[in-house]
Amino acid sequence: MTQPIITSLLDNDLYKFTMLQAMLHQFPQTHGVYRFRCRNYKDTAYPLADIKEALEEQLDYLCELTFTQDELDYLSTLRFIRSDFVDYLELFKLKRRHITVSIDAKNRLNIDIEGPMIQAMFFEVFVLAIVNELYYHQLTTPAVLEEGERRLQQKVVTLQEYALKADRGTPPFIIADFGTRRRFSKAWHTHVVETLHKAAPSIVRGTSNVYLAKKLKITPIGTMAHEFMQAFQALDVRLRDSQKAALEAWVHEYRGDLGIALTDVVGMDAFLRDFDLYFAKLFDGLRHDSGDPYVWGDKAIAHYQKLKIDPKTKILTFSDGLDIEKAWELHQYFKQRTQTSFGIGTNLTNDMGLTQLNIVLKLVECNGQPVAKLSDSPGKTMIHNDTYLAYMRQVFEIEDKPEE
């Protein structure tokens, strides 16, 4: 594959832009280290190491891209994007020296990103999308595409059935595409989102992908990711206060916009201890990304009730390993008590009948210090320093859970 896969810097998730803006304005000198991991490398059809040469070539292409005037004009229409940030993006270019690719002794693909976070954090989604497309390019056959289309048309039928069942007078059933990083290909991603939005526009209302939002004239969706919260573990605050500092910085930057807080950087229980009345009133809702979604949602609702806040005025966003049916079941469970929305990724953009890559590229170090995500799901915690992990568990009062 010699043609560039990424042809626009807008072909990225919205939260990369929103986090980048906040970091640029408040912590521009922060330094980060990101590491790639394939969680299911033993299940791949062939070693990811085989795509190393093609990946290097694609990274060269990526680091030549700049924002076009048309793209900058589009970003300027988003009310939470500031004019000085658009001016910064006009000059923006990813630097090739910040990313390296290697093969380890076990023939596993390694990708390391190191540099200023206002550079390094913007690589992640592009790199994961490139790895996915290079990997699946070698597995693509007419039969695979036919199966993908069959499954897509079944989703169309399911969505249209749900649209007819949706109760008037209750919060709507809303789905957004969150599948950029694990998509089968860029072309398939576009086809899926366009098809589903056209089939059920009252349900499929948005996408995390800014390029597709612009192209299809639908809503770009996204606020923050784990890396933003993690970075504060290494900034000038006590570790115990890192979540509150991150939430405070977000409020300072967006002043009421983008009000969905991510809860699973150190687990839901530890998050809720920090999410006091002040934050509960300032943020529109919470996002689930690990652990049992029913337990999580019940805890969130109970927390709002304890603070004398009506949960019906808040929104719970679910984004962990969902498909359309699971999202509908969650909506049915919660719809009488709170508003819901759902971000669906891999199951929308890479449901082809092939084994799906489970790949991540996570922040593991910031300003020379280790940082970590203590997930509510075993296997999703990512840390390269066991001593720091034990320290975090002690500080946030989190019991040790076995990892996969």
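Keep in mind it's a predicted model, so treat the numbers as computed, not measured.

How each quantity is defined
Residues numbered from 1 in each chain as written. Predicted model: local features only at pLDDT ≥ 70, side-chain atom pairs only at ≥ 80, totals over all residues. Heavy atoms only, no water. Domains from an automatic or database assignment. Contact = heavy atoms within 4.5 Å. Buried area = accessible area lost by both parts, 1.4 Å probe. Salt bridge = Lys/Arg side-chain N within 4 Å of Asp/Glu carboxyl O. Helix = DSSP H or I, 4+ residues; strand = E, 2+ residues; numbered from the N terminus. Nonpolar A, V, L, I, M, F, W, Y, C, P; charged D, E, K, R; others polar. Polar contact = N/O pair within 3.5 Å; in protein donor to acceptor, adjacent residues only side chain to side chain.

Focus on the domain arrangement of the protein chain
Right, so step 1: Along its sequence, the protein chain is carved into domain 1 (14–139 + 357–396) and domain 2 (148–350).
Right, so step 2: Using C-alpha coordinates to define each centre, domain 1 is positioned 20 Å away from domain 2.
Right, so step 3: Domain 1 puts 54 residues into the contact, and the matching count from domain 2 is 52 residues.
Right, so step 4: When domain 1 packs against domain 2, the two sides together hide about 4500 Å² of surface, and 55% of this comes from carbon and sulfur.
Right, so step 5: When the area that domain 1 buries against domain 2 is broken down by residue, the three leading residues are Leu14, Tyr74 and Phe396, summing to 16%.
Right, so step 6: In this structure, the salt-bridge partner of glutamate 124 is arginine 181, at a minimum N-O distance of 2.5 Å.
Right, so step 7: For the side of domain 1 that touches domain 2, the elements supplying multiple residues, two or more each, are helix H1 (14–26), helix H3 (69–76), helix H6 (124–137), strand E11 (359–366) and helix H17 (386–395).
Right, so step 8: Per element, the largest residue contribution to the side of domain 1 that touches domain 2 is eleven residues, and it comes from H1.
Right, so step 9: Considered class by class, the residues forming the side of domain 1 that touches domain 2 number 31 nonpolar, eleven polar and twelve charged.

Some details on the environment of arginine 287
Right, so step 1: Here arginine 287 shows up in strand E8 (residues 285–288).
Right, so step 2: On a C-alpha basis, the gap between arginine 287 and lysine 214 in space is 24 Å, while along the polypeptide they are 73 residues apart.
Right, so step 3: Ignoring anything within four residues of it in the chain, the contact list for arginine 287 reads Tyr15, Met224, Ala225, Ile260, Ala261, Leu262, Thr263, Trp296, Thr317 and Ser319.
Right, so step 4: Only 3.2 Å separates the side chain of arginine 287 from the backbone oxygen of methionine 224, close enough to count as a polar contact.
Right, so step 5: A polar contact is formed between the side chain of arginine 287 and the side chain of serine 319, at a distance of 2.8 Å.

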